[in-house]
Amino acid sequence: MVILGLWDGHDAGAALIEEGRLTVAINEERLTRRKLEIGFPAGSIRECLHIRGMVPGDIDHVAISTHDWAKTLGRWLPSSMETHYRVRRRLAPPGWRSSLTKRLKYRLTTWPGNAFTLALSRHAVTRRLQTMGIHAAPLAFVDHHTAHASAAFLSGFAHAVVITLDGVGDGLSGSIHHYDGERLHPLARIPACHSLGIFFEHVTNLLNMRELEDEGKVMALADHALPVPDACNPLLALFQVSGLTITCRLHGQALYRQLARTLWTTPSEQFAFMAQRTLEHHVLHLVQNAIARTGAHHVVLAGGLFANIKINGLIRTLPGVEACHVFPHMGDGGLAVGAALHQHRLVAPSVPCQPLDHLQLGSSYDEATILAAIQAVPDLRQRRVDDPAAEAARLLAEGTILGWFQGAMEYGPRALGGRSILAPADRPSLRRELNVTLKKRTWYQPFCPSLLETEAERLLVDGQGPPDRFMTSAYHFREAYRERLASVSGQDGSCRPQMVAPGQDPFARLLLALHKRTGLGILLNTSFNAHGEPLVRTPADAIRTFQTTSLPCLIMGHHVITRCHTPA
């Protein structure tokens, strides 16, 4: 049984579920090289089939998410999606057209679909599938938040409360389900007009950042504010949680105007702090109510709002929570997987889903392909090493920043040791160099650490419990290590770690070798990409990024690559 999952909106992509296992998944941005690509994921479908050695006729079922009015319009009028994409990413000039586009987007996305939009969407998607040779596989549409909630099937839990929160999809901004190990039982649906996700999008936009992209910057900026007491935070009163429902006092443009008025008299850092605190307060209240209602000690989180690691960390450490699974591609880019999982449970209920144990689900390249890409560029030096992990550990111990390209590409927004830029974690001065010179990011954004699972309890105050393999939650360094590891922690000593199990894959061996050399099994790990670009996918992408940045070294496969001439 092979099920193809699709998502053709913001951060479009495709995935394959085979006999209950997620075998391959990729987002369109990695192929087109346009960050958070939109539209029908034709390239992702072809790449998924290529990686698995399949042809279109091998697909048994196709599942796709969302058929609300906005999504249906985009399927029939792709230029409307392109217009909004350009406005949202600040590629279109400001003015009345951009303002109108945003207003229409926020109005139209709140309208849920119906039988008419379902029929229109089915016709549009079927037509695109047929052009790719996918004729016989039945097409199913999966509700937006049901697709998000289906992440529970990969959690490995036998009993959990499942909470989804995002901006909007199919007329909803969230849902709560009870998961019994086999099925999802819906408990509550949160309408789009009461969206905490849209609230935070407005905050991001008002701070002159890109909504659906820069919310992490708002969370980081909040760390640099003087704390505002809850009694003095006017944003808290905009929402109310009662039982399993969220209510917003203001809707649409009224909410945006109120936030703009608050920002007018508030420093940006304080505004970010108040918005972050508003999310934390109300989401924690909702989660606590859901836990009390279901009696579950395991929590599954999905939807774009749970890209907020501070909230995830607070949920993970709530009394009574034994384990918290955050689906690693929590935003809309993960809907293809969710849609496929939901359809798998319907058509093959006797075949259990396999828990998610890694995210190396994308493209990989053999040594011959890597060497050919290197030799195609004349001004590069390369030398072959038998053990790239040991060589990387030596360079990192000497203070070198390097690109790291090994194995299959990661799925989702985080670099997890397949396509990474690595640096020593114990040299705080490198943080500014990476942010300002190489990554060209805002100065206050912290980098993330990758560390050996066995180091978690020693380095982290809250490092006990199930390891976080996918950088989805906030932890805190112990006081004794905060100054030394300042390059991979926030202002408050928090971090977003990847906990790596000891093993024979190159990244685990690199951390082990680094531990032997320095006494610390931890390094700085950030995504291998230039500013504003997606993660690199191919050897050619890696070399191009290496050439256009100030990276001194790239280790790709068994090859150590440097320049013939030092860049200016």
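Residues numbered from 1 in each chain as written. Predicted model: local features only at pLDDT ≥ 70, side-chain atom pairs only at ≥ 80, totals over all residues. Heavy atoms only, no water.

Student: How should I be thinking about the sheet that holds strand 2 (residues 13-18) in this particular structure?
Tutor: Backbone hydrogen bonds are what pair the strands of a sheet, in a parallel or an antiparallel way. If you walk across this open sheet you meet the 5 strands as 3-2-1-4-5, and the pairing is mixed. The outermost strands of the open sheet, each flanked by one partner alone, are strand 3 (21-27) and strand 5 (139-142). The average angle at which neighbouring strand axes cross in this sheet is 20 degrees, direction not considered. Judged from the 6 bridges that link them, strand 2 and strand 3 form a sheet pairing that is antiparallel. Opposite glycine 13, over in strand 3, you have asparagine 27 as the bridge partner. (Pairing = 2+ DSSP bridges. Helix = DSSP H or I, 4+ residues; strand = E, 2+ residues; numbered from the N terminus. Axes fitted to C-alpha atoms, helices over the stretch in contact; angles between N-to-C directions.)

Student: What should I look at first to understand the pattern of salt bridges in this one?
Tutor: Taken as a whole, this structure holds 29 salt bridges when the rule is applied. Between lysine 310 and aspartate 223 there is a salt bridge, with the nearest N and O atoms lying 2.7 Å from each other. A residue pair is termed long-range when its members are at least 10 positions apart, and lysine 310 in helix 12 (residues 309-316) and aspartate 223 in the loop between helix 9 (215-222) and strand 9 (239-242) qualify at 87 residues. For lysine 310, a relative accessible area of 14% translates into the label buried. (Salt bridge = Lys/Arg side-chain N within 4 Å of Asp/Glu carboxyl O. Buried < 20%, exposed > 50% of the residue type's maximum accessible area, 1.4 Å probe, protein only.)

Student: So what exactly am I meant to see when it comes to the nonpolar core here?
Tutor: Nonpolar side chains in soluble globular proteins tend to be buried together. Counting 54 residues, the largest nonpolar core has Ile163, Phe199, Phe306 and Ile315 as its most contacted members. Considering each element in turn, this core owes the most residues, 12 residues, to helix 11 (residues 268-294). If we ignore the near neighbours within four places in the chain, the residues touching phenylalanine 199 are Leu235, Leu238, Phe239, Leu255, Leu259, Ala275, Thr278 and Leu279. Membership of the second largest hydrophobic core comes to 38 residues, among which are Ala149, Leu154, Ala339 and Leu416. (Core = buried A, V, L, I, M, F, W, Y, C linked by side-chain atoms within 4.5 Å. Contact = heavy atoms within 4.5 Å.)

Student: I'm lost on the sheet that holds strand 16 (residues 448-452) in this one. Help?
Tutor: What the 8 strands build is an open sheet, ordered 13-22-21-14-15-20-16-19; its pairing is mixed. Strands at the two margins of the open sheet, each flanked by one partner only, are strand 13 (380-384) and strand 19 (498-500). Pairs of neighbouring strands in the sheet enclose a mean axial angle of 30 degrees, with direction left out of account. By the bridge criterion, 5 bridges tie strand 15 (residues 419-424) to strand 20 (residues 522-527) in an arrangement that is antiparallel. Following the sheet pairing, serine 420 is matched in strand 20 by serine 527. Strand contacts of helix 14 (residues 367-375): strand 13, strand 21 (554-556) and strand 22 (559-563), with the helix running at about 10 degrees to strand 22, the strand carrying the most contacts. Set on the sheet, helix 15 (residues 388-397) makes contact with strand 13, strand 14 (402-405), strand 15, strand 20, strand 21 and strand 22; between it and strand 14 the angle comes to about 160 degrees.

Student: Please explain the packing of aromatic side chains as it appears in this structure.
Tutor: One pair of aromatic rings is described through two measures. These are the centre distance and the angle between the planes. Within this structure, the stated rule accounts for 5 aromatic pairs. Between tryptophan 69 and phenylalanine 116, the ring centres sit 6.1 Å apart and the planes meet at 45 degrees, which makes this aromatic pair tilted. Here phenylalanine 116 lies in helix 6 (residues 115-131) and tryptophan 69 lies in helix 3 (residues 69-76), a separation of 47 residues in the sequence. On the basis of an interplanar angle of 80 degrees and a centroid distance of 5.3 Å, the ring pair of phenylalanine 199 and phenylalanine 239 is categorised as edge-to-face. With phenylalanine 199 in helix 8 (residues 196-206) and phenylalanine 239 in strand 9, this pair connects stretches of sequence that are 40 residues apart. This pair shows no difference in class: phenylalanine 199 is buried, exactly as phenylalanine 239 is. Above the plane of the ring of tryptophan 76 lies arginine 127, whose end atom (NZ or CZ) is 4.9 Å from the centre. (Phe/Tyr/Trp six-rings, centres within 6.5 Å; stacked < 30°, edge-to-face > 60°. Lys NZ or Arg CZ within 6 Å of the ring centre and 35° of its normal.)

Student: So what exactly am I meant to see when it comes to the side chain of asparagine 233 here?
Tutor: Note that asparagine 233 resides in the loop between helix 9 and strand 9. Discounting chain neighbours no more than four positions away, the residues touching asparagine 233 are Val228, Met274, Arg277 and Thr278.

Student: In this structure, what is going on with the environment of tyrosine 481? I would like to understand it.
Tutor: Turning to its location among the elements, tyrosine 481 is positioned in helix 18 (residues 479-482). On the basis of relative accessibility, which here comes to 17%, the residue tyrosine 481 falls in the buried class. For the pair tyrosine 481 and tryptophan 404, spaced 77 residues apart in the sequence, the C-alpha separation amounts to 26 Å. The residues contacting tyrosine 481, other than those within four sequence positions of it, are Arg458, Leu459 and Leu520.

Student: Where do I start with the side chain of glutamate 29 in this structure?
Tutor: Within the element layout of this structure, glutamate 29 appears in helix 1 (residues 29-32). Assessed through its relative accessible area of 7%, glutamate 29 is described here as buried. Every residue in contact with glutamate 29, bar those within four places of it in the chain, is listed here: Asp11, Arg34, Lys35, Leu36, Glu37 and Pro534.

Student: Looking at this structure, how should I read helix 9?
Tutor: Since the α-helix packs 3.6 residues into each turn, any two residues three or four apart lie on the same face. In terms of burial, helix 9 is a largely internal element, 7 of the 8 residues being buried. Of the positions making up helix 9, those classed as buried are Glu215, Lys217, Val218, Met219, Ala220, Leu221 and Ala222. In this fold, the buried residues of helix 9 make contact with helix 8, helix 11 and helix 12.

Student: Just to check I follow, could you spell out the packing of helix 8 against helix 11 for this structure?
Tutor: The contact between helix 8 and helix 11 brings their axes to 10 Å, and the two run at 170 degrees. What the angle tells us is that helix 8 and helix 11 run roughly antiparallel. Facing helix 8, whose interface residues are Leu196, Phe199, Phe200, Val203 and Leu206, helix 11 presents Phe271, Ala275, Gln276, Thr278, Leu279, His282 and Val283. Tallied by class, residues from the contact of helix 8 with helix 11 come to 9 nonpolar, 3 polar and no charged. (Parallel < 35°, antiparallel > 145°, perpendicular 65-115°, else oblique. Nonpolar A, V, L, I, M, F, W, Y, C, P; charged D, E, K, R; others polar.)

Student: What is the right way to read helix 19 (residues 506-518) from this model?
Tutor: For helix 19, which comprises 13 residues, the first-to-last C-alpha distance of 18 Å matches the rise-based estimate of 18 Å (1.5 Å per residue) to within 8%. Regarding helix 19, the residues found buried are Phe507, Ala508, Leu510, Leu511, Ala513 and Leu514. Packed against the buried residues of helix 19 are helix 15, strand 14, strand 15, strand 16, strand 19 and strand 20. Backbone geometry just after helix 19 places glycine 519 at a positive phi near 85 degrees. (Expected span 1.5 Å × (residues − 1).)

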